[in-house]
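Chain and residue survey
What follows is the residue order along each chain.
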Amino acid sequence: MKQPIIGYTKDEEDHWVAKLACGHHQHVRHDPPWTNRLWVTTQEGRERHINVELECKKCDQGAVRDFP
Ligand SMILES: [Zn+2]
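Read on for an overview of the structure. Because the structure is a prediction, the values reported are computed rather than measured.

Rules behind the numbers
Residues numbered from 1 in each chain as written. Predicted model: local features only at pLDDT ≥ 70, side-chain atom pairs only at ≥ 80, totals over all residues. Heavy atoms only, no water. Donors = N, O, S within 2.8 Å, 3.2 Å for Na, K, Ca; no water. Tetrahedral: all angles 85-135°; square planar, octahedral: opposite > 155°, others 65-115°. Helix = DSSP H or I, 4+ residues; strand = E, 2+ residues; numbered from the N terminus. Buried < 20%, exposed > 50% of the residue type's maximum accessible area, 1.4 Å probe, protein only.

1. Let's talk about the coordination of the zinc ion
- Within the protein, the atoms that donate to the zinc ion are C22 (SG), H24 (ND1), C56 (SG) and C59 (SG), at distances of 2.0 to 2.3 Å.
- For the zinc ion, the four donor atoms are set out with angles of 103 to 119° between them, so the coordination reads as tetrahedral.
- Along the chain, the residues donating to the zinc ion are arranged with the sequence spacing C-x1-H-x31-C-x2-C. Placement of C22 in the loop between strand 2 (16–20) and strand 3 (25–27) and of C59 in helix 2 (residues 57–60) is noted, with a sequence separation of 37 residues between them.
- Note on C22: relative accessible area 14%, which makes it buried.

Below, the structure is given as structure tokens:
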């Protein structure tokens, strides 16, 4: 299910995690060459991706929310 990004947080390993409108977290790693998300490394890039939709597999699985 597509869900828009509403904010960001970091995990315990200092990786960026997107907060989705559905209440789920999703990692948005910049891990080239496999995952190229240079935008996530800058404040400007992260702000630019607010409201961009990501595919949320947790919704498809009916997972409980990651944050209130
Ligand atoms: Zn979700």
